[in-house]
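Fold and geometry: a report
Given next are the chains, with one letter for each unit.
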Amino acid sequence: MLKTSLATLALVLCAQTARAETFVLVTHATGTEGFVQILEKAARDAGEAVGAQIETFTNPSGDLADMARTIQAVTANGPDGLIVTLPDTAVLGRALRAATSAGIPVITINSGIEFYEDVGAITHVGQDEYLAGFGAGERAKEEGATDTLCLNPDRGNNAFSERCRGFFDAIGAEGTELETSYDLVQIRARTAAALRADPEIDCILAPAPTLCTTAAMAVKDISADLHLACFDLSDGIAAGIKS
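Just so we're clear, the structure is a prediction, and the values are computed from it rather than from any experiment.

Time to look at the overall build of the protein. The secondary structure content of the protein amounts to 9 helices and 9 strands. For 243 residues, the compact-globule estimate of 2.2 N^0.38 gives 18 Å, and the protein sits close to it at 19 Å. Evaluated residue by residue, the protein yields a buried proportion of 45% over its 243 residues. The contacts in the protein between residues at least 6 apart in sequence include a share of 66% that link residues at least 24 apart. Counting only carbon and sulfur atoms, one obtains 51% of the accessible surface of the protein, whose full area is about 11700 Å². Both charge centroids of the protein, one from 17 positive and one from 33 negative side chains, sit 4 Å from each other.

Encoded structure:
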């Protein structure tokens, strides 16, 4: 599905000229997350399908100001199209508006469904994060969840906050949004500490694959018995479901 979507995006952006066009993918991911590797492969496959050159940039520092500077540098090179994640329009909006003002077609993916029009993007490819979280909450509620913990590794990424908000609303309880990072040791320690501090927690939402597998370790560390809901799919999550 993702490969098909990105191939479609490339076709939309690709004008019929003699030269190979260049499209650039810029994401907020640090480069270690599994999902960004999937995005980049899909972009390269799409480029190959339409005869375009694909350049990809991650954001190793995790600082969205650095991502904005990357977008500015890419814009200065005048690519034929720009595909970006949009976790925070306050930080990235100016750079993206400059790209669209320069005549570069922009499409947002993954994060940014609420804001893509504000930055002048053509369209957005992704899900409504609130509704996705709400759906997860409905299922958790069916399983008996009442007191919930939602892990958030990136406060600057609106997608995670929206997933948590939808999850809490579906269950009908305020819940606790726990700020972590992408550091696996920290995620494990903070999750275990939160569960020890509140034995009434009976459900965790992990809105990213690495959060899920690490949260599962924390649950095991303290021998808790609770519902664990996860976004996306990885080998670790698949193994956890099977077990």
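Note: strand 6 (residues 148-152) against strand 7 (residues 176-179), 4 bridges, orientation parallel. Opposite Leu-151, over in strand 7, you have Leu-178 as the bridge partner. Considered for its hand, the β-α-β crossover made up of strand 6, helix 6 (residues 158-171) and strand 7 is right-handed.

What follows concerns the nonpolar core. With 19 residues, the main nonpolar core has Val-26, Ile-71, Leu-82, Val-84, Leu-92, Leu-96 and Val-106 as its most contacted residues. Broken down by secondary-structure element, the contributors of at least two residues to this core are strand 1 (22-26), helix 3 (64-76), strand 3 (81-85) and helix 4 (89-101). Per-element accounting of this core gives the leading share, 5 residues, to helix 3. Those residues within four positions of Val-84 in sequence are excluded, and the remaining contacts are Val-26, Ile-71, Leu-96, Val-106, Ile-107, Thr-108 and Ile-109. The next biggest cluster of nonpolar side chains, apart from the first, holds 17 residues, and it includes Leu-195, Ile-204, Ala-206 and Leu-226.

Inspection of the secondary structure puts Ala-215 in helix 8 (residues 209-221). A relative accessible area of 0% places Ala-215 in the buried class. With 168 residues separating them along the chain, Ala-215 and Gly-47 place their C-alpha atoms 36 Å apart. In contact with Ala-215, not counting residues within four places along its chain, are Leu-151, Thr-191 and Leu-228.

Turning our eyes to something else, we now look at the sheet that holds strand 3. One open sheet accounts for 5 strands, arranged 2-1-3-4-5; its pairing is parallel. Sheet topology places strand 2 (53-57) and strand 5 (124-125) at the edges, where each strand pairs with a single neighbour. Relative to strand 5, strand 4 (residues 106-109) runs parallel, the two being bridged by 2 bridges. Counted as the bridge partner of Ile-109 is Val-125 from strand 5. Here helix 2 (residues 34-50) sits on the sheet and contacts strand 1, strand 2 and strand 4; the angle it forms with strand 2, its principal contact strand, is near 165 degrees. Helix-sheet contacts for helix 3 involve strand 1, strand 2 and strand 3, and the interaxial angle to strand 1 is about 175 degrees.

Most of strand 6 is tucked away, with 5 of its 5 residues classed as buried. Burial of the side chains of strand 6 extends over both faces: Thr-148, Cys-150 and Asn-152 are buried on one face and Leu-149 and Leu-151 on the other. Alignment of strand 6 against strand 8 (residues 203-206), held across 3 bridges, turns out to be parallel. Paired with Thr-148 across the strands is Cys-203, a residue of strand 8.

Criteria and thresholds
- Residues numbered from 1 in each chain as written.
- Predicted model: local features only at pLDDT ≥ 70, side-chain atom pairs only at ≥ 80, totals over all residues.
- Heavy atoms only, no water.
- Helix = DSSP H or I, 4+ residues; strand = E, 2+ residues; numbered from the N terminus.
- Rg over C-alpha atoms; globule rule 2.2 N^0.38 Å.
- Buried < 20%, exposed > 50% of the residue type's maximum accessible area, 1.4 Å probe, protein only.
- Contact = heavy atoms within 4.5 Å.
- Areas by Shrake-Rupley, 256 points an atom, 1.4 Å probe, with all protein chains shown as cover.
- Lys, Arg positive; Asp, Glu negative; His and termini not counted.
- Charge placed at Lys NZ, Arg CZ, Asp CG, Glu CD.
- Pairing = 2+ DSSP bridges.
- Right-handed = clockwise from strand over helix to strand, strands pointing away.
- Core = buried A, V, L, I, M, F, W, Y, C linked by side-chain atoms within 4.5 Å.
- Axes fitted to C-alpha atoms, helices over the stretch in contact; angles between N-to-C directions.

These results come straight from atomic positions and should not be treated as a statement about function.
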